[in-house]
Amino acid sequence: MATRGLFGSLLVGIWITCSLVDCSSLPRVPFTRAQQDVARIPGISDARIWADDPTALARTAPFSEGQHKPTSIDVLALSGGGAEGAFGAGLLVGWTEAGNRPEFSIISGTSSGALIAPFAFLGASHDPTLRELFTSGIAERLLRVDGLNAIFGSGVFKTEPLKLLVAHYIDENLLNLVAAQHRRGRRLFIVTTNIDAQRTAVWNMGAIAAPLLQPPGCSHRPTSRCKLAIPCFRKCMSTAQ
């Protein structure tokens with residue numbers, strides 16, 4: 001029995017080691033700090049800013065383009081936690097039922113909070129979606145080990161369940177709603193980590209949604225999937241669909 005347990009522990013250790021080695025050996029295009037600083041998405045001003053750049057933060061501040069400014073600025077920051085994101089979703093739904101949930105001027109999300117953030121941003125009308133995400137079993141299908149690719153590929157978990165989930169919920173109508181709120185002066189931010197630059201990046205999702213000349217959903221989807229990815233555990237789906 002002890003031998004079997006030792007053998008199992010050894011296999012787990014080999015698996016983790018191989019995963020980490022695989023992550024460290026992924027081909028990466030070298031970019032300098034200066035190149036990272038000036039990188040832009042063509043046609044979308046301030047789509048991505050650095051969290052340590054006060055000038056950029058000021059440019060993307062809520063109601064900074066002459067919109068009507070409310071008497072108070074309410075901010076909601078949604079953290080990660082994987083399946084524990086259910087607590088954040090439940091809090092928002094309960095807040096609505098309590099009758100005193102404000103309209104937030106700024107909502108930011110990271111990790112599972114990035115999945116919740118768009119629906120929180122759009123208000124109580126999207127509470128049923130939040131409830132469905134974490135009570136229907138959809139979220140628990142996200143963590144599926146990707147067979148041998150978990151050892152020899154670029155991520156431990158399969159990307160297809162997450163890809164299908166995001167594609168199902170983030171559609172053209174949602175983009176239009178986010179863009180409309182952005183034009184009112186409200187801000188929806190998704191926070192990611194640029195490992196190469198070792199800096200926190202903030203994605204201005206309303207600014208990305210606003211130019212609807214692009215195919216429906218082509219910007220929010222890869223950004224949301226990348227944010228939900230865990231380095232060395234889920235490869236980032238960075239190609240627009």
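For the structure itself, look to the data block above.
K.L.:
I'd love a proper account of the overall build of the protein, names of residues and values included.
P.N.:
Secondary structure assignment for the protein yields eleven helices and five strands. The proportion of buried residues among the 241 residues of the protein is 41%. Summed over its atoms, the accessible surface of the protein is roughly 13,300 Å², and 61% of this surface lies on carbon and sulfur atoms.

K.L.:
I'd like a rundown of the sheet that holds strand β2 (residues 75-78), residues and numbers included.
P.N.:
Here five strands make up an open sheet; going across it, the order is β1-β5-β4-β3-β2 and the pairing mixed. Here the strands that pair on one side only, and so sit at the sheet edges, are β1 (48-50) and β2. Direction aside, the axes of adjacent strands within the sheet are offset by 25 degrees on average. As defined by bridge partners, β2 adjoins strand β3 (residues 106-109) across four bridges and the pair is classed as parallel. When the bridges of β3 are listed, Val-75 appears paired with Ile-106.

K.L.:
Describe the packing of aromatic side chains, naming the residues involved and giving the relevant values.
P.N.:
What characterises a pair of aromatic rings is the spacing of the ring centres plus the angle enclosed by the ring planes. Using the criterion set out here, one finds two aromatic pairs in the structure. Here Phe-119 and Tyr-169 contribute two aromatic rings whose centre-to-centre distance is 6.2 Å and whose plane-to-plane angle is 80 degrees, an arrangement assigned as edge-to-face. Of this pair, Phe-119 sits in helix α5 (residues 112-121) while Tyr-169 sits in helix α8 (residues 160-169), placing them 50 residues apart in sequence. An identical accessibility class is assigned to Phe-119 and Tyr-169; each is buried.

K.L.:
Before we move on, could you go through the side chain of Asp-46 and cite the residues and values that matter?
P.N.:
Turning to its location among the elements, Asp-46 is positioned in the loop between α2 (33-38) and β1. A distance of 2.7 Å separates polar atoms of two side chains, one belonging to Asp-46 and the other to Arg-59. Asp-46 has contacts with Arg-59, Thr-60 and Asn-204, leaving out every residue within four places of it along the chain.

K.L.:
How would you summarise the environment of Ala-83 if you had to cite specific residues and measurements?
P.N.:
One can find Ala-83 in the loop between β2 and α4 (85-98). Between the C-alpha atom of Ala-83 and that of Phe-134, which follows or precedes it by 51 residues, the distance is 8.0 Å.

K.L.:
A description of the packing of α4 against helix α6 (residues 127-135) should follow, citing residues and the corresponding values.
P.N.:
Packing of α4 against α6 brings their axes to within 9 Å, and their N-to-C directions diverge by 150 degrees. Viewed along their axes, α4 and α6 adopt a mutual orientation that is roughly antiparallel. The crossing of α4 and α6 is left-handed. Across the interface between the two elements, Gly-85, Ala-86, Ala-89, Leu-92, Val-93, Thr-96 and Glu-97 from α4 touch Asp-127, Leu-130, Arg-131 and Phe-134 from α6.

K.L.:
Could you give an account of helix α9 (residues 172-184), naming the residues involved and the relevant values?
P.N.:
When the terminal C-alpha atoms of α9 are compared, their 19 Å separation across 13 residues agrees well with the 18 Å that a helix rising 1.5 Å per residue should span. Of the positions making up α9, those classed as buried are Leu-174, Leu-175, Val-178, Ala-179, Gln-181 and His-182. Considered in projection along α9, the buried side chains sweep an arc of 165 degrees and stay on one side of the axis.

Parameters at a glance
- Residues numbered from 1 in each chain as written.
- Predicted model: local features only at pLDDT ≥ 70, side-chain atom pairs only at ≥ 80, totals over all residues.
- Heavy atoms only, no water.
- Helix = DSSP H or I, 4+ residues; strand = E, 2+ residues; numbered from the N terminus.
- Buried < 20%, exposed > 50% of the residue type's maximum accessible area, 1.4 Å probe, protein only.
- Areas by Shrake-Rupley, 256 points an atom, 1.4 Å probe, with all protein chains shown as cover.
- Pairing = 2+ DSSP bridges.
- Axes fitted to C-alpha atoms, helices over the stretch in contact; angles between N-to-C directions.
- Phe/Tyr/Trp six-rings, centres within 6.5 Å; stacked < 30°, edge-to-face > 60°.
- Polar contact = N/O pair within 3.5 Å; in protein donor to acceptor, adjacent residues only side chain to side chain.
- Contact = heavy atoms within 4.5 Å.
- Parallel < 35°, antiparallel > 145°, perpendicular 65-115°, else oblique.
- Left-handed = near helix turned anticlockwise from the far one by under 90°.
- Expected span 1.5 Å × (residues − 1).
- Arc of directions from axis to C-beta.

Geometric descriptors of this kind do not, in isolation, establish any biological role.
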